[in-house]
Amino acid sequence: MNLDDDLTRALARKSAPDGFADRVLSRLDTPKTHRTSLFTRIAAAIVLTAALGGLTAHQIIEHRRNEEGERARRELMTALHIASAKMRVAQRAVAHD
Amino acid sequence: MNRILTNLLLTLIAALALPITASAQGTRLNLDFPDMAAKASETVDVTLDGAMLRLAGRFLSSNDPDERAAREMINGLAGIYVRSYEFDHEGEYDKSQAERIRQQLGPTWKKIVKVASRTREDVDIYADTRGDAITGLLIISAEPKEFTVVNIVGPVDLEKLAALEGQFGIPHIHRDGKHKHGKDDRND
């Protein structure tokens, strides 16, 4: 019987202490405290900046190289067209001689 | 003291090695014509050294027959230099500029073609020859209103260059080996 009494007491409905709900709600509204150190945050920012910078620099270099290559290709084709046209003039003259 | 001697020795070796390297690859000629560029209505100025040729080669398409032929053509070349000037009026440029280029040609250069025309286009083609190999090419074209110089540095395969003409949609003209002027004429 003592056990029944103990259980009844233990499980009996009790009112929450005064201000409990307010305290819970206020805790919910409070932003979580970041526990990462300032050093870690700075290091992460540096790494991220370096990575983004490196990526951007790589893209710029690649873009410039592509532009340079395209320009070189066009110039080469122009040069060979001119050279071949002059060769044609000479060959025609040789053929007619 | 030893360091100075070593530096002197290295400089001497470099100085001796430079002409040997240059001779193996043909000669780049001075194609600067500042006066002509200033007077011309249109100018084409192409300067492609070995590195730029290799870069250009990487951008040539394998699907385009012209570009495929061009890739074969530039294989092994050390440079391609083109200057072409177009003028509004006849006689607007100094024809002695061609002579200035010819004066740069050393004893290894041989005239292989000369086309002379009073009214149209004069074309002179010179080859820098080492033994049987052609290690450079110079084309000088003088028209009443246009002056063009092409200098190709490196082993030039004339057959490939001739084939290139046909490849570029230009009719291929069969050569029977003879030249309009003496093949062995030199620097004239």
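Residues numbered from 1 in each chain as written. Chains lettered and ligands numbered in written order. Predicted model: local features only at pLDDT ≥ 70, side-chain atom pairs only at ≥ 80, totals over all residues. Heavy atoms only, no water.

Participant: Please explain the environment of B:Ala40 as it appears in this structure.
Facilitator: Residues and elements named next belong to chain B. One can find Ala40 in the loop between helix H2 (34-39) and strand S1 (42-49). The exposure class assigned to Ala40 is buried, which follows from its relative accessible area of 14%. Placed 45 residues apart in sequence, Ala40 and Tyr85 show a C-alpha to C-alpha distance of 5.6 Å. (Helix = DSSP H or I, 4+ residues; strand = E, 2+ residues; numbered from the N terminus. Buried < 20%, exposed > 50% of the residue type's maximum accessible area, 1.4 Å probe, protein only.)

Participant: Would you explain the nonpolar core in this entry?
Facilitator: Side chains of nonpolar character tend, in soluble globular proteins, to be buried together. Membership of the largest hydrophobic core comes to 40 residues, with the highest contact counts inside it found for A:Leu76, B:Ile80, B:Ile125, B:Leu137 and B:Val156. With 11 residues, the top contributor of residues to this core is helix H3 (residues 38-96) of chain A. Here B:Val156 is in contact with B:Met73, B:Leu77, B:Ile134, B:Gly136, B:Leu137 and B:Leu161, once residues within four sequence places are set aside. (Core = buried A, V, L, I, M, F, W, Y, C linked by side-chain atoms within 4.5 Å. Contact = heavy atoms within 4.5 Å.)

Participant: How should the packing of aromatic side chains be read in this particular structure?
Facilitator: Think of a pair of aromatic rings as described by two things: how far the centres are apart, and how the planes are tilted against each other in angle. Residue and element names in this part refer to chain B. By the definition in use, this model includes four aromatic pairs over all chains. Their ring planes at 90 degrees and their centres at 6.0 Å tell us that Phe33 and Tyr85 sit as a pair that is edge-to-face. Taken together, the residues span a long stretch of sequence, with Phe33 in the loop between helix H1 (2-25) and H2 and Tyr85 in strand S2 (residues 79-86) at a distance of 52 residues. The two residues Phe33 and Tyr85 agree in class, both being buried. Residues Tyr93 and Phe147 carry aromatic rings whose centres are separated by 5.4 Å and whose planes lie at 45 degrees to one another, so their mutual orientation is tilted. Here Phe147 lies in strand S6 (residues 146-153) and Tyr93 lies in the loop between S2 and helix H5 (96-102), a separation of 54 residues in the sequence. Overall, the relative accessible area of 0% leaves Phe147 in the buried class. Here the aromatic cluster, defined as three or more aromatic residues joined through ring pairs, consists of Phe33, Tyr85, Phe87, Tyr93 and Phe147. (Phe/Tyr/Trp six-rings, centres within 6.5 Å; stacked < 30°, edge-to-face > 60°.)

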